[in-house]
Amino acid sequence: MVQHKLIMSIFLLSLCLFVPLTQATDVKYCDKKGDYDVKVKGVEITPNPVARGQSATFSISATTGEAISGGKLVIDVAYFGWHIHSETHDLCEETSCPVTDGEFVVAHSQVLPGFTPPGSYSLTMKMFDGNKRQLTCISFDFSIGFASPIADS
């Protein structure tokens, strides 16, 4: 049960989409030749690296040429290349809906438990509209640092 909570927390943290307070994270499209309806401009992670036991925010800046009334985000997280978690979120819980054409941000904040293993993680996010049509698919790497899970007294 504890491992499941850890994996879920890592996934949610990974889903988090970033506030512009740190350096940008390199983003790759799942299909390099794909012509996605949603174009991702960048991902910001705060703090970067993510600190165990502290809040982290992931913010994804994107653009769309048409309005999106709803949909879902499907997130897959890997730890040192090993798949550890998958989760689905309602798009409208991560950004304001309807998404109008133009720029928008998908953002999520999460506190990872103090026992989350430090190291290299990768996240793959697929975005679907309400008709289950894939709008985009990206992946990026992030790190969880060795910060102490014990809060200052």
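I will try to describe carefully the structure that is included in this document. Remember, predicted model here, so these are calculated numbers, not experimental data.

## With respect to the sheet that holds strand S3 (residues 27–29)
Now for step 1: With antiparallel pairing, the five strands of this open sheet are ordered in space as S3-S10-S9-S6-S7. Each edge of the open sheet carries a strand with a single partner, namely S3 and strand S7 (82–90). Ignoring which end each strand starts from, the neighbouring axes of this sheet average 20 degrees apart.
Now for step 2: In terms of strand pairing, S3 meets strand S10 (residues 134–144) through three bridges, oriented antiparallel. Paired with lysine 28 across the two strands is serine 139, which belongs to S10.

## Details of the nonpolar core
Now for step 1: One finds Val50, Met125, Met127, Phe140 and Phe142 to be the most contacted residues of the largest nonpolar core, which totals 27 residues.
Now for step 2: The set of elements that each furnish at least two residues to this core consists of strand S4 (38–46), strand S5 (55–64), strand S6 (71–79), strand S8 (102–111), strand S9 (119–129) and S10.
Now for step 3: Of the residues forming this core, the biggest block, five residues, is contributed by S10.

## Focus on the side chain of histidine 108
Now for step 1: You can see histidine 108 is positioned in strand S8.
Now for step 2: There is a polar contact of 3.1 Å between the side chain of histidine 108 and the side chain of glutamate 94.

## Things to note about the pattern of salt bridges
Now for step 1: Under the criterion given, the structure shown has five salt bridges.
Now for step 2: Ionic pairing is found between aspartate 37 and arginine 133, a salt bridge with its closest N-O pair at 2.2 Å. One end of the pair, aspartate 37, is in the loop between S3 and S4; the other, arginine 133, is in the loop between S9 and S10, with 96 residues separating them in the sequence.
Now for step 3: By relative accessible area, which is 36% here, arginine 133 ends up partly exposed.
Now for step 4: Through salt bridges with shared partners, a single network forms among Asp37, Glu66, Asp129 and Arg133.

## Describing the pairing of S6
Now for step 1: Strand direction decides the pairing type here: S6 and S9, joined by nine bridges, are antiparallel. Bridged to leucine 73 within S9 is methionine 127.
Now for step 2: In this antiparallel pair of consecutive strands, S6 and S7, the connection spans two residues, and phenylalanine 80 shows a positive phi of 50 degrees.

## Focus: the environment of serine 69
Now for step 1: Among the structural elements, serine 69 can be located in the loop between S5 and S6.
Now for step 2: It is 9.6 Å that separates the C-alpha atoms of serine 69 and serine 96, two residues lying 27 residues apart in sequence.

## Some points on the environment of glycine 130
Now for step 1: Residue position: glycine 130 is located in the loop between S9 and S10.
Now for step 2: Between the alpha carbons of glycine 130 and glycine 71 there is a distance of 4.3 Å; along the sequence they are 59 residues apart.
Now for step 3: Discounting residues that sit within four places of it in the chain, glycine 130 has contacts with Gly70 and Gly71.

What counts, and at which threshold
- Residues numbered from 1 in each chain as written.
- Predicted model: local features only at pLDDT ≥ 70, side-chain atom pairs only at ≥ 80, totals over all residues.
- Heavy atoms only, no water.
- Pairing = 2+ DSSP bridges.
- Helix = DSSP H or I, 4+ residues; strand = E, 2+ residues; numbered from the N terminus.
- Axes fitted to C-alpha atoms, helices over the stretch in contact; angles between N-to-C directions.
- Core = buried A, V, L, I, M, F, W, Y, C linked by side-chain atoms within 4.5 Å.
- Buried < 20%, exposed > 50% of the residue type's maximum accessible area, 1.4 Å probe, protein only.
- Polar contact = N/O pair within 3.5 Å; in protein donor to acceptor, adjacent residues only side chain to side chain.
- Salt bridge = Lys/Arg side-chain N within 4 Å of Asp/Glu carboxyl O.
- Contact = heavy atoms within 4.5 Å.

Everything listed is a geometric property; what it means functionally is a separate question.
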